[in-house]
Amino acid sequence: MADRYVVGADIGGTKTAILVCEPGTRRGGAGRIRTRHVAPTAVGSPDRAADAIADLVTAAVDEAGGTLGDVDGLGIGVPGRVEPSSGEVSLAVNLGWQGLPLGPRLEARLGVPTFLENDVRAAALGLHRRRVFGDVQSLAFLAIGTGVSAGIVLDGRLHRGAKGLAGEIGHAVVMPGGPHCACGLDGCFEAVASGPAILSQALAAWSAAGRMPSPTPRAAEDVFRAAEAGDAIATQVIAKAGKAVAWGIHLLALTYDVERIVIGGGVSHAGAAFIDPVRAELDRVRDASPLAREVLAGDLVQVLPPGLDAGAWGAVTLVSEALDPLPGQGREVDHA
Ligand SMILES: [Zn+2]
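Predicted model, so just to flag it, every value in this text is computed and none were measured.

Trainee: Can you walk me through unusual backbone geometry in this structure?
Mentor: Note on backbone geometry: most residues besides glycine have negative phi, and most peptide bonds are trans. Pro 215 follows Ser 214 through a cis peptide bond whose omega is -5 degrees. Examined against the element boundaries, Pro 215 turns out to sit in the loop between α5 (195-209) and α6 (220-228). Phi at Asp 155 takes a positive value of approximately 50 degrees, unusual for a residue other than glycine. Here Asp 155 shows up in the loop between β10 (148-154) and β11 (157-159). Exposure remark for Asp 155: the relative accessible area of 65% places this residue in the exposed category.

Trainee: Explain the sheet that holds strand β6 (residues 88-92) to me, please; I cannot follow it from the model alone.
Mentor: Within a sheet, adjacent strands bond to each other through the backbone by hydrogen bonds, running parallel or antiparallel. Read across the sheet, 3 strands follow the order β5-β6-β7 without closing on themselves; strand pairing throughout is antiparallel. Single-partner strands in this sheet number two, and they are β5 (81-83) and β7 (97-100). Averaged over all neighbouring strand pairs, the angle between strand axes comes to 15 degrees, with direction disregarded. Sheet topology places β5 next to β6; 3 bridges connect them, and they run antiparallel. Note that in β6 the partner of Val 82 across the bridge is Val 89.

Trainee: Hey, could you run me through the coordination of the zinc ion in this one?
Mentor: Octahedral metals with six donors have ideal donor angles of 90 or 180 degrees. Tetrahedral metals with four donors have an ideal donor angle of 109.5 degrees. Coordination sphere of the zinc ion, protein contribution only: His 171 (ND1), Cys 181 (SG), Cys 183 (SG) and Cys 188 (SG), at 2.1 to 2.3 Å. Every donor counted, the 4 donor atoms about the zinc ion form angles of 101 to 126 degrees at the centre, which fits tetrahedral coordination. All donor residues of the zinc ion come from one chain, and their arrangement in sequence is H-x9-C-x1-C-x4-C. Here His 171, found in the loop between β11 and α4 (189-193), pairs with Cys 183, found in the loop between β11 and α4; they are 12 residues apart in sequence, far enough to count as distant. On the basis of relative accessibility, which here comes to 29%, the residue His 171 falls in the partly exposed class.

Trainee: In this structure, what is going on with the environment of Asp 62? I would like to understand it.
Mentor: Mapped onto the fold, Asp 62 is located in helix α1 (residues 46-63). Residue Asp 62 is classed as exposed on the basis of its relative accessible area of 57%. The spatial distance from the C-alpha of Asp 62 to the C-alpha of Thr 35 is 9.3 Å, given a sequence separation of 27 residues.

Trainee: Looking at this structure, I do not really get the pairing of strand β12 (residues 260-264). What am I missing?
Mentor: A regular strand places its side chains so that they alternate between the two faces of the sheet. Most of β12 is tucked away, with 5 of its 5 residues classed as buried. Burial of the side chains of β12 extends over both faces: Arg 260, Val 262 and Gly 264 are buried on one face and Ile 261 and Ile 263 on the other. Examined bridge by bridge, strand β9 (residues 139-144) and β12 share 5 bridges and lie parallel to one another. Note on β12: the bridge partner recorded for Ala 143 is Gly 264. As defined by bridge partners, β12 adjoins strand β13 (residues 301-303) across 3 bridges and the pair is classed as parallel. In the sheet register, Ile 261 faces β13, and the bridge partner there is Val 301.

Trainee: Even after reading the chapter, I still don't get the nonpolar core, so can you show me in this structure?
Mentor: One broad rule of soluble globular proteins: the nonpolar side chains tend to lie buried together. One finds Leu 142, Ile 249, Ile 261, Phe 274 and Leu 296 to be the most contacted residues of the largest nonpolar core, which totals 45 residues. Looking at this core, the element that brings in the most residues is helix α7 (residues 232-256), giving 11 residues. Grouped together as the second largest cluster of nonpolar side chains are 31 residues, Ala 49, Val 57, Trp 97 and Leu 106 included.

Trainee: Explanation requested: the side chain of Ser 149 in the structure shown.
Mentor: Relative to the helices and strands, Ser 149 is located in strand β10. We classify Ser 149 as buried; its relative accessible area is 9%. Aside from chain neighbours lying at most four places away, what touches Ser 149 is Val 120, Phe 141, Leu 142, Ala 143, Gly 167 and Glu 168.

Trainee: Sorry if this is basic, but what is going on with the pattern of salt bridges here?
Mentor: One side chain can pair with another of opposite charge once the charged atoms of both are near each other. A complete count under the given rule lists 18 salt bridges for this structure. Note that Arg 105 and Asp 47 form a salt bridge whose closest N and O atoms lie 3.9 Å from each other. With Arg 105 in helix α2 (residues 102-110) and Asp 47 in helix α1, this pair connects stretches of sequence that are 58 residues apart. Arg 109 is paired through a salt bridge with Asp 51; the nearest N and O atoms lie 2.8 Å apart. Taken together, the residues span a long stretch of sequence, with Arg 109 in helix α2 and Asp 51 in helix α1 at a distance of 58 residues. Linked by salt bridges that have partners in common, Asp 3, Glu 22, Arg 32 and Arg 34 make up one network.

Trainee: Even after reading the chapter, I still don't get the sheet that holds β10, so can you show me in this structure?
Mentor: Pairing is mixed in the open sheet, where 5 strands are placed in the order β11-β10-β9-β12-β13. One side of each edge strand has no neighbouring strand; the edge strands of this open sheet are β11 and β13. Neighbour-to-neighbour, the strand axes of the sheet open up by a mean angle of 25 degrees, direction not taken into account. Two strands pair when backbone bridges link them, and β10 and β11 are joined in this way by 3 bridges, in the antiparallel orientation. Within the sheet, the bridge partner assigned to Val 153 lies in β11 and is Leu 158. Lying on the sheet, helix α3 (residues 119-129) is in contact with β9, β10, β11 and β12; it crosses β10 at an angle near 40 degrees.

Rules of the game
Residues numbered from 1 in each chain as written. Predicted model: local features only at pLDDT ≥ 70, side-chain atom pairs only at ≥ 80, totals over all residues. Heavy atoms only, no water. Helix = DSSP H or I, 4+ residues; strand = E, 2+ residues; numbered from the N terminus. Buried < 20%, exposed > 50% of the residue type's maximum accessible area, 1.4 Å probe, protein only. Pairing = 2+ DSSP bridges. Axes fitted to C-alpha atoms, helices over the stretch in contact; angles between N-to-C directions. Donors = N, O, S within 2.8 Å, 3.2 Å for Na, K, Ca; no water. Tetrahedral: all angles 85-135°; square planar, octahedral: opposite > 155°, others 65-115°. Core = buried A, V, L, I, M, F, W, Y, C linked by side-chain atoms within 4.5 Å. Contact = heavy atoms within 4.5 Å. Salt bridge = Lys/Arg side-chain N within 4 Å of Asp/Glu carboxyl O.

And the structure:
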């Protein structure tokens, strides 16, 4: 019998990561990785998106030594609002996609059953199913990158919410009157703590103080580096972002009382410069409140190690779950 594969693709704002895996033997698990394929995301016309992704998937399967006929299913994680039942991306602001029937187009192009989910939510599911942070029943994955949002697994199930917006805490207001957010509000969590927000707040403060570093910082990681080198303005911006992240963790803990809150996303890759101010603020909150001490106790807060491909693994997990759904969950798969 020919080798069978499941494929997961994580469509990021800048890069797309694809894993071609052997199907797992356990629910939600996947077997050995046959190929890991990373390419720049072809951002551009939404009309070209399905073709560009289809080409990448075809190349990755080819690299694994297979053909599309050997693929049982394709999972796609997209940074935006996704309707899993129709495979439509209703809104992916950073990719410029709106009302894009990505799932049906990919199925038509590739002839492979395709399953879509919000990228952060897919990653949360993958982290849970692969037991990356232990054999827990509940987990929240808080991604801090170009945007800020959380994916939540409760009692072993992905929590999507009535409108498919559960976990969108990037648009909860953490600082009334703070920086303006693309969603229309001021002082959103995302407008304070995302990568672009950290950069723009630091640039504004440096400019106002007449102390713009040279060369001009171009990304959040430059701000973290400046803070590590002792720059007072960068340190202040990062402390503010760290407080917002601690607030987000506290909010998730109080709302869902999960066993693990995993912090990931591009901004978290700054390491100690990112997480130390967060931990300091969490300590302050714990010291002030016995309730906070209890809800934030133990090894609740974990940082996702970089290079774990959480999004692509999540997309692989989507396929495993869809092909072998829990009772009362998942959609029917047409094997025709
Ligand atoms: Zn907002």
